[in-house]
Structures are given as structure tokens and as C-alpha cells.
Amino acid sequence: MIGHTVISVDEVSSTNDLARDLLERPDADGIAVLAGGQTKGRGRLGRAWFSPAGKGIYLSVILRRPLHGDITGLLCPAASLAVAKTIESLSGINVLIKWPNDLIINGKKVGGVLVERTGDSFIVGVGINLNTSPEEFPEEIRHKASSLYGESGAMFEKNIFCQDLFLNFERIFSSLTDETRDNVLEEVKSRSFTLGKTVTVSDADRVFTGEAVGFESDGSLLLKDANGKIVNIKSGEIL
Ligand code: BT5
């Protein structure tokens, strides 16, 4: 079960690093690491994650269980769906998912997911801005970042959030089988900030512009370019 053990620390460089140190424990699968603040929180591609103490959720969970095929590309949208559902059920605010990992409320990013792989194990890192005031965000992200407090005026309690999130993680990760993963993708689609928009996406070495028209069953994004050709993007960044 996700969250069978919760290791809570006041401060850490990155909860993903602390989780990685625990991968060899016999009970590793499902361990959750929670920090009050992070000194070197990170996003994808080495980017920094603003992690002020006491203001948000900085959480990593270990997945070290038999999984159904290669679900690497699905884990990020699936984890984002779990986070979106928890935010919605506890705050009543609608959350959209900007492919592949951004949690968006009213056009602003309130959270993000970072999935890292070590051998057959995955570490799913989640950052959610709960109670950050708008003026507390660093200037360079103030225009595009927000928190649940910023969007609702209400303050949120992180332990209640995490308990609900563990249940959603367990349910959604268990649904990534060959038979049921399409249901997960349908839910991701129904909350997509990206589908139907014309977007520019960069992957490792290319940049594409096109209309986001769907997702493949491995989680990749399908873009229709100006000539009507469908391009499949496994991982990347919407610019
Ligand atoms: C993400 O990366 O959105 C994944 C963030 C994952 C953070 C969690 S916290 C627990 C665990 N431990 C870690 O060390 N990380 C995970 P990416 O899509 O690359 O977005 C990063 C970009 O989001 C930055 O370059 C900024 O523009 C912006 N950003 C940084 N901090 C933010 C924040 N607190 N809220 C909103 N946007 C932020």
C-alpha cells in the first residue's frame, strides 16, 4: 500500500533523493517520504522547485512492485491525475493537467510531478503549493505559479491531503494494467489543459508545433501538424 510507512523530516535537499536512499529496504514499495521544506527541490531537466518550509507538500513515494509492461510514460500523467483528484475532493476547485506533469488551476501552476527511475523502481515526487501567498513566489515565476490558498482563500492541512493522495495513488497505479489503463487515460483526457490547443513542444532535440489531438496508450502526446500529419511525442515540454 502506498503510504504504509511515512518518513517525515523537517528539511531535506530533495525528497526524491531521500527516497532513493531507501530503495533497498525490503518494504520499499509504498514508502512515502515527506519534508517540511526542501533546500534543493527539483523539477524535470534539472530545474529548481521552489519549496518554502511549511507552505506546501513535498512528497516522494516509492514504486517497487511488479508493473504491467513498460508504464514509464504513463506514470507521470497517472500520478498527476491522482493529485488532481485529491485537490478537487479536498478543495472543490477544478484542476487541469498540462501534459505531462503540471497541475493547473485558473491557468496557473499549483503543483508538479517528477518521476525518476532507478532500475525497476520508480520514485514519484509531488510538489503542491498549499498555503503560499502570491507575493511569496520568486519574481520569475510569480506570473505563472499559484497555490490552493491563492486560488481559494482557504488554508490547507498537509497530512489530510497526503492520506487522500495515498489512496488515489494506490487506486490509480493499480489501474495501469493492460485492461484498465485506457480508463485512466480517459480521465487524464477529461482534465487536460492541453488537448484541443495548438502548442509548441520540445523533446530532446526537436521542436514541434501542432494541435494536441490525443494521447497514446503509453502516455505520449499526439500532435497534428500543419500538414495533418500526426506526430507522437513520448516526453517533452510544452513551451
Ligand atoms: C515539475 O517540474 O513540475 C516537477 C516538480 C516536482 C517537485 C517535487 S517536490 C517533491 C519531490 N522532490 C523533488 O526534488 N521534486 C519533487 P517541471 O515541469 O520541470 O517544472 C519546473 C518549473 O516550474 C520551474 O522551472 C519553474 O518555472 C516552475 N516552478 C518552480 N517551483 C514552482 C512552484 N513551487 N510552483 C509552481 N511552479 C514552480
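Okay, so let's go over this structure. (Residues numbered from 1 in each chain as written. Predicted model: local features only at pLDDT ≥ 70, side-chain atom pairs only at ≥ 80, totals over all residues. Heavy atoms only, no water.)

Turning to the environment of Ser91, a few remarks are in order. If you trace the backbone, Ser91 turns up in helix α2 (residues 72-91). The exposure class assigned to Ser91 is partly exposed, which follows from its relative accessible area of 21%. When the C-alpha positions of Ser91 and Leu148 are compared, they lie 7.9 Å apart, and in sequence the two are 57 residues distant. Reaching out from Ser91, the side chain makes a polar contact with the backbone oxygen of Ile87 at a distance of 2.6 Å. At 3.0 Å, the side chain of Ser91 and the backbone nitrogen of Ile93 are in polar contact. (Helix = DSSP H or I, 4+ residues; strand = E, 2+ residues; numbered from the N terminus. Buried < 20%, exposed > 50% of the residue type's maximum accessible area, 1.4 Å probe, protein only. Polar contact = N/O pair within 3.5 Å; in protein donor to acceptor, adjacent residues only side chain to side chain.)

Their axes nearest at 10 Å, the elements α2 and helix α5 (residues 181-190) cross at an angle of 60°. Considering their axes alone, α2 and α5 lie oblique with respect to each other. For the pair α2 and α5, the sense of crossing is left-handed. On α5, the residues that touch Leu74, Pro77, Ala78, Leu81 and Lys85 of α2 are Arg181, Val184, Leu185, Glu187 and Val188. (Axes fitted to C-alpha atoms, helices over the stretch in contact; angles between N-to-C directions. Parallel < 35°, antiparallel > 145°, perpendicular 65-115°, else oblique. Left-handed = near helix turned anticlockwise from the far one by under 90°. Contact = heavy atoms within 4.5 Å.)

Here the focus is the packing of α2 against helix α4 (residues 158-174). It is the contact of α2 with α4, at a shortest axis distance of 9 Å, that shows an interaxial angle of 140°. Relative to α4, the element α2 is oriented oblique. You can see that α2 and α4 cross each other, and the crossing is right-handed. Mapping the contact onto sequence places Leu75, Ala78, Ala79, Leu81, Ala82, Val83, Lys85, Thr86, Ile87, Ser89 and Leu90 in α2 and Ile160, Phe161, Asp164, Leu165, Asn168, Phe169, Arg171, Ile172 and Phe173 in α4. Of the residues in the contact of α2 with α4, the class split is 14 nonpolar, three polar and three charged. (Nonpolar A, V, L, I, M, F, W, Y, C, P; charged D, E, K, R; others polar.)

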